[in-house]
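Remarks on the overall topology
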Amino acid sequence: MAETILSPVIDEVVSKLTSSAAEQIYLAWGFEKELVSLKESLVMIQDVLQDAENKQEGDAAVRCWLQKLKDLAYDAMDVLDEYVYHLLQLKVETQGQKKQQVCLFFSRSNPIVFRLKMANKIKKINESLAKIKGDAVFPMLSRGKLTLHVSQNPKTDSFLDSNPIGRSDDVSEIISQLSKLRSQHSMSVVSIVGMAGIGKTTLAKSVFKEVKEKKLYDVVTWVCVSDRFDEKDILGGMLESLDKTAGGINNIDAVLRHLEAELEKKTFLLILDDVWNEDSNKWDTFLSSLSKIVKTTENSIIVTTRSGRVVSAIERFPVHKQEMKGLSDDECWTIIKEKVHGFAKRPIDANLEAIGQDIARKCKGLPLVANVLGGTMGCQIGVEEWLAIKNNNVWNLQDNQKIVPILKISFDRLSGPLKKCFAFCSIFEKDTTMEKDELVQLWMAEGFLHPRDGSDLTMEDVGDQYFDDLLSNSLFQDIERNKIGDVEWCKMHDAVHDLALFVSDGESLISDQTSSIDENSKIRHLRAKSNGEVLPRGVSQKLHSLFFDADIVVHHIASDLKNLRSLITLGACSEEDLSISLGKMKHLRYLDISRSKIKVLPKSFSKLYNLQTLKLMWCNHLEKVPDDMRNLVSLRHLYFSSEKHMPKEIGHLTSLQTLPLFVVGVEKGYRIEELGCLSQLRGELDIQKLEDVGSKLEASKAKLKEKKKLQGLIFTWSAKKEANNNINVEEVLEGLQPHPNLKSLVIWSYQGKHFPSWMQVGVNSSLNNLMKLKLCYCNECLYLPSLGLLCNLQFLEIEGIKKVKSMGSKFYVDQSNSEDEVGSATQFLAVREFSVVEMESLEEWVEAEGVTVFPCLERLYIEDCPELKTWSMGGFSSNHKLSSLRISRCPKLVAIPTMDQLSSLKNFSIAECYELMSLPSGLGSCVSLQELTISECQKLSSIPRINGLTSLTRLQLLNCDELTDLPIGLGSCTFLQHLDILNCYNIISITEDIGELHSLRQLDLRDCGKLRNIPEECVGRLSCLKCLWIGGFWSELEEFPGLTSIHQLHASLEELYLFGWDKLKSLPDQLQHLTALKRLTLRNFDGLEALPEWLGDLSSLHNLQICDCSNLTHLPSIEAMRRLSNLQSLEILLCPKLKGRCAKESGPEWAKISHIPNIRINFEHLQRQSE
């Protein structure tokens, strides 16, 4: 049975009664005796709450007593909140008035009747409270102070370990099964089956990680399915993981078309996590749709599920079932120890170890249980606390009843406020990604966050600590961090979500049938998911949180939503709903109407004096915001994405902490000085239209140097707006000096010639905490600032600085600054990612003498530098961490530094470097290199030996006109899976060692105009080859070279794309043996007049495409075409003679093809059926 969590509610009421605001209420309203009595009663009850909450599980009377008290506490909270609202109204409406005028406000705006009404409410609450205190339960409860839990533990995270404990054999087995099945079938399924908490998702993530690292598939996508198995949602999720811009496509046909384009020529692994669907018809529909758009073979699906029946329902493709077993006791103890050690930072003594091993045995092999309990044990290290966990009665339950009660052991040891915060998370759907800031702001709106008396902490600081506590206890997982290391997102395991729902005690509900909710329910937090549903009045009167995922009907009960603290519409709220509702919502603290179609905010909007968080993101229909938004005196977090939604006189909102965007204007109320009073700003701030700042003095009025909580700044000048010659932009930027705590800085379209003095970095620089720096389109700058001594800088981007000609010694260290000589032996010490892009005048990048640079660099990108000739970055060759190097569109670059010691390099790409004649020495020593792409290097005549590239999986040589030979040592690249050689005009022959590439799955060898010799046995030795693109060779050849042995691939080759030339009069006869071939494309065979009769022997053929064959007239006989029993699609393009003969019903060739379900000629569908 779920327990009642009451202490946070009582805490909030007492907090209101002890605040300075309450003291003013006593004096103003004339019923201070009733308020004092209420406070004394609640303080007395506070003393026994901890004992009551502990006893409720085994004592129904205590539980009933707590529930009555909880309902009454909510009522008290609402009444006091209404008083606070009116006090805030007083503050707004009497700003600047004298004290006697304030008194007149009370007598004028609050008649005696209203005072009596409020006094009567307090009196009734006191009477009900007296009855509760008189209950027989109350004297039986022990007194004891509640302790507020504030974590002192270090921050931890839930990133997937590289080798999750005890699962390496499972990972190897699944990858082995994937390889086995994909070699035999076009699509196959591996299912991971096991109970909740056994680690199915973690195992799938481990497979995901290894598959991506080894590049076993071209595309690896992850879709979390959960309870709702919807074909469009799954395919849409798959598409969005491949193309982030494709979100929001609602039509299934459009999704399929986009997905088909994304998957063209690519093999894929799709992981469907947490599947519950046992309906074979739904599976068949989904897999059929997927099959329609897949043109490759060797694709796989992994399904994780608790139900074996899910596996049985998948009938369309072969399935391997991987039953997950529990971990050993020792492995569970290892997990617990790692969690405990992460907090304690000291060895576990012998007594605790013995208890811990007993607890590990009770985990019954469930890693989730070990993780969560380990977090709790790490927070509470002591024999008594660990014995309490070991001896808990929950271990005596049946196995199938255990998982949530066991997890509740950790929940029971949380503080009251932390319990309430965790239970609130049940309002999010399973598998939902939760944004940390949103979560903290919602907790704050509900009144869960109370800093200690005398503490400097804000409510947000307390919320951050609570978040870290829940993360430390492994109740949150799968966190995502931004580039400066801050946690932005997290998830809850499904079983943990079940726990949150259980302990919410019926206060949270996610429903698609809101009209059927019992009016007597205890629901306080509701997520409504279906369109057109009516919300019952009895429910709406109690609600504190309402999230619309659909167009729920609320306008008829708008007045009953007056107790709402949080309202999230998710685009579904109408203007009518909002205009009626908002004026009644005096308690509202969190409002999100992002993406709504609202055009005008109601007049009552500016009277939301309690509002703390407002989100107006992507409100494209909203014309403007009210002029008097300065009245939102409690506002702490404001989000908007359009300039027209920036409030006037925002400087009056002195509690504001979040302001992602500020657009400078010239009118009063929009000038940069408005930022000056916003001393509490945190997070990231983008200041736009800085061309409207007139001087250094004006810029300094923003007081950025004093904003110690700001972590990120973006300075933006409008690129298209004409500069005001009377404004010194250099002085303006000088006046925008940030606080030394800044971690991220971006400067866009700055038009000064020099960067400010505060960017001239020395040992004692004010930017020493900077982790990310981006300088973009600063077109007038002549020199880059000296950045080499920024010891914490990790991400550096320099883009579009058009007048800088050299990156030399001054870029590393300013030698004219004497203090820079100290500690300069290593420069750019922490930089992990560096990009140099669109530097139009950059001619040289010279090395720094006698120093090591970029020792931690992992990714380096140099792109669109048309004048760059010399690159000799000192210390580059000794970098052992560089994993990705991309150089593109640098047409004058003649040389690249040596690569002798780049042992960690995995991806090397070079493109459109037209003057480059050779690749750097040492390429063959890049033993970790997996992908090598060389494209459009027109003077490159040779490639160094690549004998040592034993990890290489993909090699692409594209449009290299002067290249005459393939690199020596190609045959030693035994893990090579993809080889592309395209448009390399001067390659004459292919070396025999290409036949040693026994892992090769795709070979693309075409449009090499002088190629005339391919060793005849090579192709036949490529035993794993699945896809072959070949042709477009020397135009004088009368036979296709290299295909004599292709018949040896009869069991493996599934896709063949053949490109001809004029002198070829027939197709190679060896093709008739390719009985496993599923897709055949014939292109540019102008000398071909008829297709051979043996084409009918390709019994597995599914798709046939014929393009640009101007003289082709005849298909094989009707008998031969009818033997192609698996042929589903025929496409004929730009074959004028054949087109007429295949005219529907009338053409002489029509009878040969009329049985084929899908026929398209010159993009016109003659027949179209579902494949």
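Before reading further, recall that the structure is shown in the block above.
I will try to describe carefully the structure that is included in this document. (Residues numbered from 1 in each chain as written. Predicted model: local features only at pLDDT ≥ 70, side-chain atom pairs only at ≥ 80, totals over all residues. Heavy atoms only, no water.)

Moving on to the overall build of the protein chain. Scanning the protein chain from N- to C-terminus turns up 29 helices and 41 strands. Across the 1171 residues in the protein chain, those meeting the buried criterion constitute 56%. A fraction of 63% describes how many contacts in the protein chain between residues 6 or more apart in sequence connect residues 24 or more apart. For the protein chain, the accessible area works out to roughly 48,100 Å², and carbon and sulfur atoms hold 47% of it. (Helix = DSSP H or I, 4+ residues; strand = E, 2+ residues; numbered from the N terminus. Buried < 20%, exposed > 50% of the residue type's maximum accessible area, 1.4 Å probe, protein only. Contact = heavy atoms within 4.5 Å. Areas by Shrake-Rupley, 256 points an atom, 1.4 Å probe, with all protein chains shown as cover.)

Taken together, 3 strands build an open sheet; the order of strands is β6-β8-β7 and the sheet is antiparallel. The strands lining the two open edges of the sheet, one partner per strand, are β6 (434-435) and β7 (477-481). In terms of strand pairing, β7 meets strand β8 (residues 487-491) through 3 bridges, oriented antiparallel. Each bridged residue has a counterpart across the sheet, and for E480 the counterpart in β8 is W489. (Pairing = 2+ DSSP bridges.)

Read across the open sheet, the 7 strands follow the order β9-β10-β11-β12-β13-β14-β15; overall the sheet is parallel. Sheet topology places β9 (508-511) and β15 (637-640) at the edges, where each strand pairs with a single neighbour. The mean inter-strand angle of the sheet, taken between neighbouring strand axes irrespective of direction, is 5 degrees. Of the strand pairs in this sheet, strand β11 (residues 545-548) and strand β12 (residues 566-568) are connected by 3 bridges, and their pairing is parallel. Residue pairing in the sheet places S545 in a bridge with S566 of β12. (Axes fitted to C-alpha atoms, helices over the stretch in contact; angles between N-to-C directions.)

Next up on the list: helix α11 (residues 280-293). For α11, built from 14 residues, the straight-helix expectation of 20 Å at 1.5 Å per residue is met to within 8% by its first-to-last C-alpha distance of 21 Å. Three or more residues of α11 are buried, namely W283, F286, L287, S288, S289, L290 and I293. Contacts from the buried residues of α11 go to β1 (187-193), α9 (231-242), α10 (252-262), β3 (268-275), β4 (299-305) and α12 (308-312). A side-chain oxygen of the first residue of α11 lies 2.9 Å from the backbone nitrogen of N281; this N-cap is D279. (Expected span 1.5 Å × (residues − 1). Polar contact = N/O pair within 3.5 Å; in protein donor to acceptor, adjacent residues only side chain to side chain.)

Turning next to the pattern of salt bridges. One pass over the full model with this rule turns up 48 salt bridges. For E507, the salt bridge goes to K420, with nearest N and O atoms at 3.3 Å. In this pair, E507 is assigned in the loop between α21 (494-503) and β9 and K420 in helix α18 (residues 416-424), connecting sequence segments 87 residues apart. E507 gets classed as buried once you look at its relative accessible area, which sits at 6%. A residue is classified by how much of its surface remains accessible, and K420, at 6% relative accessible area, is buried. Two residues, E863 and R889, come together in a salt bridge whose shortest N-O distance is 3.9 Å. With a gap of 26 residues between them, E863 in strand β27 (residues 859-863) and R889 in the loop between β29 (884-888) and β30 (907-911) connect regions that are remote in the sequence. By relative accessible area, E863 is classed as buried at 12%. Its relative accessible area of 32% is what places R889 among the partly exposed residues. Sharing partners across several salt bridges, the network here consists of K483, R832, E833, E858 and R859. (Salt bridge = Lys/Arg side-chain N within 4 Å of Asp/Glu carboxyl O.)

A few words on the packing of aromatic side chains. Within the structure shown, the criterion is met by 24 aromatic pairs. Relative to F828, the ring of Y812 lies with its centre 5.9 Å away and its plane at 75 degrees, an arrangement referred to as edge-to-face. On the criterion of sequence distance, the pair formed by Y812 in helix α26 (residues 809-812) and F828 in the loop between β23 (826-827) and β24 (833-837) is long-range, its members being 16 residues apart. The pair formed by Y812 and F828 is uniform in burial state, with each residue classed as buried. (Phe/Tyr/Trp six-rings, centres within 6.5 Å; stacked < 30°, edge-to-face > 60°.)

Okay, a positive patch on the surface next. Together, K117, K121, K562 and K584 give the surface a local cluster of positive charge. Considering the arrangement of structural elements, one finds K117 in helix α6 (residues 112-134). (Patch = residues over 30% accessible without salt bridge, like charges linked within 9 Å, V, L, I, M, F, W, Y side chains within 5 Å. Lys, Arg positive; Asp, Glu negative; His and termini not counted. Charge placed at Lys NZ, Arg CZ, Asp CG, Glu CD.)

Let's shift gears to the nonpolar core. Membership of the largest hydrophobic core comes to 199 residues, with the highest contact counts inside it found for L659, I687, F715, F834 and F908. Within the second largest apolar cluster, 87 residues are counted, among which are V171, F411, W443 and Y466. (Core = buried A, V, L, I, M, F, W, Y, C linked by side-chain atoms within 4.5 Å.)

The subject of this paragraph is helix α19 (residues 436-445). Of all 10 residues making up α19, 9 are buried, and the element is well covered by its neighbours. Once α19 ends, the next one or two residues include G447, with phi positive near 85 degrees.

A separate point is a negative patch on the surface. Taken together, the side chains of E1016, E1017, E1038 and E1039 make up a negatively charged region of the molecular surface. Its place among the elements puts E1038 in the loop between β35 (1027-1031) and β36 (1055-1059).

Now for the environment of L697. Along the chain, L697 turns up in helix α24 (residues 696-700). In sequence terms L697 and E734 are 37 residues apart; their C-alpha atoms lie 9.6 Å from each other.

For the rest of this paragraph, the subject is the pairing of strand β14 (residues 613-616). Both faces of β14 are covered, namely the face carrying T613 and K615 and the face carrying L614 and L616. Pairing analysis gives 3 bridges linking strand β13 (residues 590-592) to β14, with the strands arranged parallel. Paired with Y590 across the strands is T613, a residue of β14.

On a regular strand, one side chain projects to one face of the sheet and the next to the other, so that they alternate. Side chains H320 and Q322 project from strand β5 (residues 319-323) onto a buried face, and the interleaved V319, K321 and E323 project onto a face without burial. Inspection of the sheet shows β1 paired to β5 by 5 bridges, in the parallel sense. Pairing of V190 across the sheet is with H320, part of β5.

Relative to the elements of secondary structure, Q612 occurs in the loop between β13 and β14. Take Q612: its relative accessible area is 8%, and that puts it in the buried class. Beyond its immediate sequence surroundings of up to four residues, Q612 is in contact with M444, A445, M459, R589, S634, L635, R636 and H637.

Once that is clear, we can look at unusual backbone geometry. Despite not being glycine, W618 has its phi angle at roughly 55 degrees, a positive value. Note that W618 resides in the loop between β14 and β15. Located in the positive-phi region is L1134, a residue other than glycine, with phi close to 55 degrees. Summarising the element assignment, L1134 is placed in the loop between β39 (1129-1133) and α28 (1136-1141).

Our focus in this paragraph is the environment of S128. Examined against the element boundaries, S128 turns out to sit in helix α6. C-alpha of S128 to C-alpha of L72: the two residues are 56 residues apart in sequence and 7.6 Å apart in space.

Running from N to C, α9 and α11 point in directions that differ by 40 degrees, and their axes come no closer than 10 Å. Overall, the two elements α9 and α11 adopt an arrangement that is oblique. In this structure, α9 meets α11 at a crossing whose hand is right-handed. Here α9 contributes E231, I234, L235 and M238 to the contact with α11, which in turn contributes T285, F286, S289 and L290. For the contact of α9 with α11, a count of residues per class yields 5 nonpolar, 2 polar and 1 charged. (Parallel < 35°, antiparallel > 145°, perpendicular 65-115°, else oblique. Left-handed = near helix turned anticlockwise from the far one by under 90°. Nonpolar A, V, L, I, M, F, W, Y, C, P; charged D, E, K, R; others polar.)

Of note, Q1070 is situated in the loop between β36 and β37 (1079-1083). Taking the C-alpha atoms as reference points, Q1070 and S1045, separated by 25 residues in sequence, lie 7.5 Å from one another. The contact partners of Q1070, leaving out residues within four places of it in the chain, are L1043, T1044, I1046 and H1047.

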